[in-house]
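Fold and contact review
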Amino acid sequence: MHFLGSTRSSLKPDHLLHTPDTFIRIPLPGSEGVDFILHAAPRLGAAFTQMTAEFAANATLGLPPTGVQRFLYVLDGALDLTPDEGEPVTLTPGMFAYIPAGTHHHIRSQAPARAALLEKTEHTCAALAGTAKPQLIIGDEAAIATEPLGGDPDLLVRRLMPDGDPWDFAVNTMTYAPGAALAMVEVHLMEHGLLMLQGGGIYRLGDHWYPVTQGDFIWMAPYCPQWFGALGKTPAKYLIYKDWRRHPLGA
Ligand code: UGY
Ligand code: MN
């Protein structure tokens, strides 16, 4: 089915709206039985990689490149994660894993599954010399307390990553009650990778306003003006990445 060349997907210098009708699946080396939708990558202008990994039954995810840390959030199905040091764990929807750079591990599916996969080259800085390195984290979003953003009980944030010097990015979920909105247009240093998990609304990106819905992906460059208002009768929820806690002038 084609739509005479029309799509909601839109690429601008400071943002990408990537809608499912435009997704192209590609293989990556080291993985077997996994299709990757590359939503954000350095070629786009992003300093991280975000993909949706679609696992067939009995599929295996390859390791990331050297020096790259990984965050995986299960969308559908179940994935078995076996770190070389540590107990095997089965990750089900809403469960996630943070895997530090250089941590050898295996991720496999028994049945078809889907996961959001974020990868980022570790950004260390001189101020961190001799301090603790990040450790493997296994978590479940359902067990994480919500925080009302700016005191708004209709806009709930769950912080999936710990906050502290060892970690150079954050991943949160944000859940908007119908009609809830960001209290301000944000313009900030950090870039975002965002996956709409449920519901929808209107996203302002730069000087454009887009209708967005479950399954859409958005990349926002540093300083991209951004605002969201939830529409419809069900909550809108997204998974959002941002780089965090690193001096912009580097090490
Ligand atoms: O964490 C954030 O910067 C978040 N409030 N941004 C967003 O939802 N676009
Ligand atoms: Mn933001």
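Thresholds, definitions, all that
- Residues numbered from 1 in each chain as written.
- Chains lettered and ligands numbered in written order.
- Predicted model: local features only at pLDDT ≥ 70, side-chain atom pairs only at ≥ 80, totals over all residues.
- Heavy atoms only, no water.
- Near = heavy atom within 4 Å.
- Polar contact = N/O pair within 3.5 Å; in protein donor to acceptor, adjacent residues only side chain to side chain.
- Areas by Shrake-Rupley, 256 points an atom, 1.4 Å probe, with all protein chains shown as cover.
- Helix = DSSP H or I, 4+ residues; strand = E, 2+ residues; numbered from the N terminus.
- Buried < 20%, exposed > 50% of the residue type's maximum accessible area, 1.4 Å probe, protein only.

Details of the site of ligand 1
As a matter of local geometry, ligand 1 sits amid M174, L182, E186, H188, H192, Y203, Q226, Y238, I240 and K242. One nitrogen or oxygen atom from the side chain of H188 is found 3.2 Å from an oxygen atom belonging to ligand 1. Take Q226: an N or O atom from its side chain is 2.7 Å from a nitrogen atom of ligand 1. A total of 270 Å² of accessible area belongs to ligand 1 in isolation, and the protein chains cover 93% of it. For the shell around ligand 1, the element with the highest residue contribution is strand 20 (residues 236-243), accounting for 3 residues.

Re unusual backbone geometry
Notably, L4 is not glycine yet its phi reads approximately 50°, a positive angle. Here L4 lies in the segment before strand 1 (10-12). Overall, the relative accessible area of 80% leaves L4 in the exposed class. The phi angle at N58 is positive, at roughly 55°, despite the residue not being glycine. Position of N58 among the secondary structure elements: in strand 4 (residues 49-61). The exposed category is assigned to N58, whose relative accessible area is 62%.

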